Amino acid sequence: MDPTIERWNETYRDPAPFPEPNPHLAQFRSFLPSGGTALDLACGRGADALYLADCGFQVTAWDGSEVALTLLKEEANRRALSITTLCAPITVDAFKDHRFDLIYVHRFLDRALFPVILEALKPQGRLFYETFTTESLETTTAPQGPKNPSYRLEANELVRLCAPLHIRLFIDGLMPSRDAKTFIPTSKSLLIGEKRSR
Ligand SMILES: C[S@@+](CC[C@H](N)C(=O)[O-])C[C@H]1O[C@@H](n2cnc3c(N)ncnc32)[C@H](O)[C@@H]1O
């Protein structure tokens, strides 16, 4: 087995309370499609996949960790939510002919995947991508996320990686507070982009 996935399996075997969904999903809900098919890529335990299923999306939750996906299936059953899980390495070839109205990625970065992620969006489909920045390694005393800068985004890099999309929202290093009255430092970049029809 891939040593990265084995490490993730070990992490998920550690008993821990089921996580809360990413609050930015609710905060920026109006930027997402109203429904349809959604992919939570590198979903982990899938708190965000469950949030999307609860919003009415038909969700595919994809991760290489069978331990994480077992926890997700148990939680989905407990909440009576329907989720399709896919336990497989995330590779360029594995996307095949899958197409989604929404692709959601949180705290995962593989730059080689961007062309196939964009291809896998249906016309008018949306990409919600949020992950850690290198800037926050320098500006934060105890930064969250991977220590290796190559797994973190450079300034404006998400914009470059998603250039074929119509960018609806891009936030880097600061997030609006929930009441939108102020901005709060964050260690991540967030982009929501829309695929224009051909
Ligand atoms: C930091 S976790 C993020 C989980 C979730 N998106 C979240 O924000 O809570 C990264 C996830 O990516 C998965 N992962 C990393 N590399 C992978 C690969 N090559 N193929 C499949 N899954 C992978 C790990 O199993 C892990 O669950």
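Our subject is the structure listed above.
Residues numbered from 1 in each chain as written. Predicted model: local features only at pLDDT ≥ 70, side-chain atom pairs only at ≥ 80, totals over all residues.

Draft legend 1. Fine view of the site of the ligand. In the vicinity of the ligand lie 15 residues, with Trp8, Ala42, Gly44, Gly64 and Ile90 positioned nearest. Residue contributions to the shell around the ligand peak at three residues, all from helix α1 (residues 3–13). Here the shell around the ligand is composed, by residue class, of eight nonpolar, five polar and two charged. (Near = placed C-beta within 6 Å. Helix = DSSP H or I, 4+ residues; strand = E, 2+ residues; numbered from the N terminus. Nonpolar A, V, L, I, M, F, W, Y, C, P; charged D, E, K, R; others polar.)

Draft legend 2. Quick peek at unusual backbone geometry. The phi angle at Lys96 is positive, at roughly 45°, despite the residue not being glycine. Looking at the secondary structure, you find Lys96 in the loop between β3 (83–87) and β4 (100–106). Residue Lys96 is classed as exposed on the basis of its C-beta count, with 7 C-beta atoms lying within 10 Å. A positive phi angle is found at Arg107, which is not glycine, with a value near 65°. Among the structural elements, Arg107 can be located in the loop between β4 and α5 (114–119). Arg107 gets classed as partly exposed once you count the C-beta atoms within 10 Å, which come to 16. (Buried ≥ 20, exposed ≤ 12 C-beta atoms within 10 Å, placed from the backbone.)

Draft legend 3. The nonpolar core, seen in detail. Grouped together as the largest cluster of nonpolar side chains are 43 residues, with contacts concentrated most on Ala49, Ile103, Tyr104 and Leu127. At the level of elements, β1 (37–41), α3 (47–54), β2 (58–63), α4 (66–79), β4, β5 (121–132), α7 (157–161) and β7 (183–194) are the ones that each hand at least two residues to this core. Once residues lying within four places of it in the same chain are set aside, the contact partners of Ala49 are Asp40, Cys43, Val59, Ala61, Leu72 and Ile83. (Core = buried A, V, L, I, M, F, W, Y, C linked by C-beta atoms within 7 Å. Contact = placed C-beta atoms within 7 Å.)

Draft legend 4. Representation of the packing of α1 against α4. Between α1 and α4, the shortest axis-to-axis distance is 7 Å and the interhelical angle comes to 40°. Classified by the angle between their axes, α1 and α4 sit oblique to one another. Contact with α1, carried on its side by Trp8, Asn9, Tyr12 and Arg13, involves Val67, Ala68 and Leu71 of α4 and no other residues of that element. The class makeup of the residues in the contact of α1 with α4 is five nonpolar, one polar and one charged. (Axes fitted to C-alpha atoms, helices over the stretch in contact; angles between N-to-C directions. Parallel < 35°, antiparallel > 145°, perpendicular 65-115°, else oblique.)

Draft legend 5. Spotlight on the pairing of β5. For β5, a buried count of nine out of 12 residues is recorded, marking the element as mostly surrounded by other parts of the structure. Taken together, β4, α5 and β5 form a β-α-β motif whose crossover is right-handed. With seven bridges connecting them, β5 and β7 associate as antiparallel partners. From the neighbouring strand, Glu130 faces β7, where its bridge partner is Leu190. (Right-handed = clockwise from strand over helix to strand, strands pointing away. Pairing = 2+ DSSP bridges.)

Draft legend 6. Representation of the sheet that holds β4 in the model. The strand order across the open sheet built from seven strands is β3-β2-β1-β4-β5-β7-β6, with neighbouring strands paired in mixed fashion. The sheet is open, and its two borders are formed by β3 and β6 (166–176), each paired with just one other strand. Along the sheet, successive strands turn relative to each other by an average axial angle of 15°, direction set aside. Relative to β3, β2 runs parallel, the two sharing five bridges. Bridging from a neighbouring strand, Thr60 pairs with Thr84 of β3. In the packing of α4 onto the sheet, contacts are made with β2 and β3, and the angle to β3 comes to roughly 170°.

Draft legend 7. Region of the structure containing the environment of Ala80. Among the structural elements, Ala80 can be located in the loop between α4 and β3. C-alpha of Ala80 to C-alpha of Asp54: the two residues are 26 residues apart in sequence and 9.6 Å apart in space.

Draft legend 8. Representation of the environment of Leu191. For Leu191, the position within the fold is in strand β7. Exposure remark for Leu191: the 23 C-beta atoms within 10 Å place this residue in the buried category. For the pair formed by Leu191 and Asn156, sequence separation is 35 residues and the distance between their alpha carbons is 9.9 Å. Setting aside its immediate chain neighbours within four residues, Leu191 contacts Tyr129, Leu158, Val159, Cys162, Ile167, Leu169 and Phe170.

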